[in-house]
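Listed below, chain by chain, are the residues.
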Amino acid sequence: MSPEEGTGTSPLDAVSAEAQRALLERPSLSIRTRLGVGLLLWLVLSVGAMVTSIVLLDGVQAKLRIVGAVDRYAFEIQQARRFEKNFFLYRTNLEDALAQAQAAQEILERDGSSISAVVGASSVEVMRARVLRYESLLSGLQGTQPTADTALLRAVEAELRVQGAEMVDEAARLATQERASAETMLRTSQRLAAGFLVGLLLLVLFLGVFVARQILAPLNRIMLATRRIAGGDLTPITPRRRYHDEFSELAAGINHMLNELVRRQEILVQSHKLQAIGTLTAGVAHELNNPINNLMLTAATLQDDYGDLDDAERLEMASDLVRESERARDIVRNLLDFAREREVELEPLDVEEIITDTLQLAANQIKLSKVKVKGEVEENLPPVHGDRHQLTQVFLNLVLNALDAMPDGGTLTISVEKSADRGSVSVRLTDTGVGIPEENLTSIFAPFFSTKKHAKGTGLGLSVSLGIIKQHGGDIRVESQPGVGTTFAVCLPIAPVPAPARMDEVVA
Amino acid sequence: MGDLKKKIEDWMVRVSFAEADAAKEGYQLTGVELDHKTSLALDRVRIVRDERASRAREGESMSFEGGGTHEHVEEELSVMILDDEPIVGKRLKPALEKSGFTVEVFEDPTLAVKRLGEKEFDIVVTDLRMEDLDGIQVLEHIMAHCEHTRVILITGYATVEVAREALVKGAFDFISKPFKPKDLQAVVNKAALSLGHRAIL
Ligand SMILES: Nc1ncnc2c1ncn2[C@@H]1O[C@H](COP(=O)(O)OP(=O)(O)OP(=O)(O)O)[C@@H](O)[C@H]1O
Ligand SMILES: [Mg+2]
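Quick look at the structure, then. (Residues numbered from 1 in each chain as written. Chains lettered and ligands numbered in written order. Predicted model: local features only at pLDDT ≥ 70, side-chain atom pairs only at ≥ 80, totals over all residues. Heavy atoms only, no water.)

1. Things to note about the overall build of chain A
- A count of helical and extended segments in chain A gives 13 helices and 7 strands.
- Across the 508 residues that make up chain A, the buried fraction comes to 43%.
- Counting contacts in chain A only where the partners sit at least 6 residues apart, residues at least 24 apart contribute 78% of the total.
- Taken as a whole, chain A presents about 26700 Å² of accessible surface, with 60% of it coming from carbon and sulfur. (Helix = DSSP H or I, 4+ residues; strand = E, 2+ residues; numbered from the N terminus. Buried < 20%, exposed > 50% of the residue type's maximum accessible area, 1.4 Å probe, protein only. Contact = heavy atoms within 4.5 Å. Areas by Shrake-Rupley, 256 points an atom, 1.4 Å probe, with all protein chains shown as cover.)

Take a look at the structure:
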């Protein structure tokens, strides 16, 4: 390989360097971070929901305890008032009423703190003041005689009644209020549970979509890419997402591998080209003999008979010399042109022209092998997109294979036509050679498969040709009937297929 | 003719035996060795031919001593040049005519073969590699139809197989491209000698 080749500046190299850069230069947001954030969110949500429901239930429990205490308090007060009423009606003793009022006060003392935490210290104070007042009124009554001043008694009775009613009302209000607030709390905790469920569902949904989008989709695209690569298209993977993550690393790894593959493919193409040049050289050496012989005959005649020749004869011989020299130059030139190292260069190409070039290159071999070549070219063929020299190498190999298959001569028919769907041009090379046995039909495209004896074939020809054609987005098919002949059909897409157009369907 | 052919065949068979032995002992005769054998074979063939030619001359001169003249022997020999390269004929024709041969030039082997049916040439110089009909086929045709014609083959380069085939089939000699008119004159002269003519210098 020449030094220029060594530095590797084929378009594919540039594309792959660009893809590699684009893949790795995006802002980095790894899947691990993203999954971590998702799980953290889940954790926060769950813990939050748990804690709030624990707190709420605690509150409900406290409220219920208060409600219980208030109920008991109200009950005691009511009992006290019944005894008090009996006292006024039947002058029964007041001890029972006083005991009940004391019990109510005890309840207030015991649960006062928890109640005051909920309803405020002032209202508890008010309640306590009322109970104390009630008690003091009752104990005031205890000493008086039933016959005592009825007016005073009536005043005390009225105040007792007011205080008692107030106390019962207050307790009832408090109980209702606390019950309602407990109910609200319960409802809130219910809603919280429902909300948490919805949040959980949303999170699961999000994580599901995330897994599908962020993991399965790139995986899927990478799978598609590997399938495409297996098909022979070695254009590198380019980024499609905004962030760089583990898949970008994977894609970069695959691209690296692709680079190696391309380089290896180039080496194979090159070594097979050398082999083809070797074959052609033998033919050229043969063919060169003719002009050289003509030159020798003419020059020797001029030398020996110069004096005997007239001017016209000498002039004719001189022009023969020129013509034959040109012929020799042309014979060598095609081969030299083919042998020169080149960068891959994609351009619109006329298939017919490539076939003509190929036949010119192989002209000596064709003459030697006594094979007749026929061509059928459809009119107005659209151009295909590709590299002139690589395609020439493909067709040269197919022509040389056909010649090898017809050691005793035969006919090689080359037809060029548009495919039925007009999306491609197909070139069919049909020989009347030995054919390929069924069991070899699949192996002929494998590298190093050759049936040619005495190291005549490297077995690289078809494998390299298929590689080149696949890189052009085309395909090679073969049909053969042993003893009758073989047809190789090369299909080349018309549209400018390679790198740019297909890049965006690419991965990661 | 048959006698000569047999001798050549014997010799070639021996070459084949040598090759077979080599194959049995597990080595291949290299190109150089084969070429060497070919040239040995060619030398051998030439010696045999010269012997035969001189014997023929003696025989002829003896048979003509009885009172015939030598005139018809010294008649101009007819030469056919067959090569699909026009310049070959163009240059060789005057050269051979200068030496006293009558020369007819053909580029198309089919036409040449047709002409061979009409006229018996003394010497045919033919290219080996031609389209349609190659030199070997022309040689076979001549061997089958014109017993006295000497055939000189022009080859690109004499491969062992072709040399052997041509010799076995009765070619008089080879000349390899590229050659000078003088080289061909020499070979043609030798052929003329073998036909009982004096060499024309
Ligand atoms: N037109 C054909 N007719 C019959 N057999 C063929 C034809 N083309 C290819 N083959 C078979 O396929 C094999 C592989 O061909 P390929 O071009 O890959 O290698 P090769 O011709 O053997 O070697 P190289 O191309 O290096 O000279 C050949 O050895 C031959 O057996
Ligand atoms: Mg091949």
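Alright, that's what it looks like, and here's the rest.
2. Concerning the coordination of the magnesium ion (ligand 2)
All names here are of chain A.
- Those donors, Asn 397 (OD1) and Asn 401 (OD1), are the protein atoms that reach the magnesium ion (ligand 2), and they lie 2.1 to 2.5 Å from it. Of this pair, Asn 397 and Asn 401 both sit in helix α11 (residues 388–405), separated by 4 residues, roughly a single helical turn. Each of the two residues, Asn 397 as well as Asn 401, counts as buried. (Donors = N, O, S within 2.8 Å, 3.2 Å for Na, K, Ca; no water.)

3. Considerations on the packing of helix α7 (residues 246–305) of chain A against helix α12 (residues 461–471) of chain A
All names here are of chain A.
- Between α7 and α12, the least distance of the axes is 10 Å, while the angle of their chain directions is 130°. As far as their axial angle goes, α12 and α7 are oblique. Remark: the crossing between α7 and α12 carries left-handed chirality. Touching Gln 265, Leu 268, Val 269 and His 272 of α7 are Gly 461, Val 464, Gly 467, Ile 468 and Gln 471, all from α12.
- A per-class count over the contact of α7 with α12 returns 4 nonpolar, 5 polar and no charged. (Axes fitted to C-alpha atoms, helices over the stretch in contact; angles between N-to-C directions. Parallel < 35°, antiparallel > 145°, perpendicular 65-115°, else oblique. Left-handed = near helix turned anticlockwise from the far one by under 90°. Nonpolar A, V, L, I, M, F, W, Y, C, P; charged D, E, K, R; others polar.)

4. Focus on the pattern of salt bridges
- This model, assessed by the stated rule, comprises 42 salt bridges over all chains.
- Via salt bridges that share partners, Glu 287, Glu 324, Arg 327 and Lys 367 of chain A together with Glu 85 and Arg 129 of chain B belong to a single interconnected network. (Salt bridge = Lys/Arg side-chain N within 4 Å of Asp/Glu carboxyl O.)

5. A closer look at the nonpolar core
All names here are of chain A.
- Ranked by internal contacts, the top residues of the largest apolar core, which has 50 residues, are Phe 395 and Val 427.
- Contributions of two or more residues to this core are made by α7, α8 (311–339), α9 (351–361), α11, β4 (410–418), β5 (424–431), α12 and β7 (485–493).
- Per element, the largest residue contribution to this core is 9 residues, and it comes from α11.
- When sequence neighbours within four positions are dropped, the list of residues in contact with Phe 395 reads Ile 354, Ile 355, Thr 358, Val 427, Leu 429 and Val 490.
- Among the nonpolar cores identified, the runner-up in size contains 32 residues, and Ala 74, Ala 101, Leu 108 and Ala 171 belong to it. (Core = buried A, V, L, I, M, F, W, Y, C linked by side-chain atoms within 4.5 Å.)

6. What about the environment of Ile 444 of chain A?
All names here are of chain A.
- Residue position: Ile 444 is located in the loop between β5 and α12.
- The class for Ile 444 is buried, based on a relative accessible area of 8%.
- Sequence separation of Ile 444 and Gly 461 is 17 residues, and the distance between their C-alpha atoms is 9.2 Å.
- Once residues within four sequence positions are removed from consideration, Ile 444 is found in contact with Ile 436, Phe 449, Leu 462, Val 478 and Phe 488.

7. Observations concerning the sheet that holds strand β6 (residues 475–481) of chain A
All names here are of chain A.
- Spatial ordering of the open sheet is given by β2-β4-β5-β7-β6, a layout of 5 strands whose pairing is mixed. Every interior strand has two partners, whereas the edge strands, β2 (371–377) and β6, have only one. With direction set aside, neighbouring strand axes in the sheet form an average angle of 15°.
- Bridging between β6 and β7 involves 7 bridges; their strand directions are antiparallel. Along β7, the bridge assignment pairs Ser 480 with Thr 486.
- Each of β2, β4, β5 and β7 touches α11; the most contacted strand, β5, lies at about 20° to it.
- Across the sheet, α12 lies against β6 and β7, angled at about 140° from β6, the strand it touches most. (Pairing = 2+ DSSP bridges.)

8. Re the interface of chain B and chain A
- Contacts between the two partners involve 18 residues from chain B, matched on the other side by 24 residues from chain A.
- Taken together, both faces of the contact between chain B and chain A bury some 2100 Å²; the carbon and sulfur share is 50%.
- Three residues stand out in chain B for area buried against chain A, namely Ile 87, Arg 91 and Arg 129 of chain B, and they jointly supply 32% of the buried area on that side.
- Summed over the shared surface of chain B and chain A, the number is 9 salt bridges. (Buried area = accessible area lost by both parts, 1.4 Å probe.)

9. Some points on the sheet that holds strand β3 (residues 123–127) of chain B
Residues and elements named next belong to chain B.
- Strand order in this open sheet of 5 strands is β2-β1-β3-β4-β5, and the pairing throughout is parallel. If you trace the sheet from one side to the other, it starts and ends with β2 (102–106) and β5 (173–176), each paired once. Sheet twist, expressed as the average angle between the axes of neighbouring strands with direction ignored, equals 20°.
- Sheet topology note: the strand β4 (residues 150–155)/β5 ladder contains 4 bridges and is parallel.

10. Focus: the pairing of β4 of chain B
All names here are of chain B.
- For β4, the tally of buried residues reaches 6 of 6 residues, placing the bulk of the element in the interior.
- Of the two faces of β4, both are covered, the one formed by Arg 150, Ile 152 and Ile 154 as well as the one formed by Val 151, Leu 153 and Thr 155.
- Note: β3 against β4, 5 bridges, orientation parallel. Paired with Val 125 across the two strands is Ile 152, which belongs to β4.
- For the crossover that starts at β3, traverses helix α5 (residues 135–145) and ends in the parallel β4, the hand is right-handed. (Right-handed = clockwise from strand over helix to strand, strands pointing away.)

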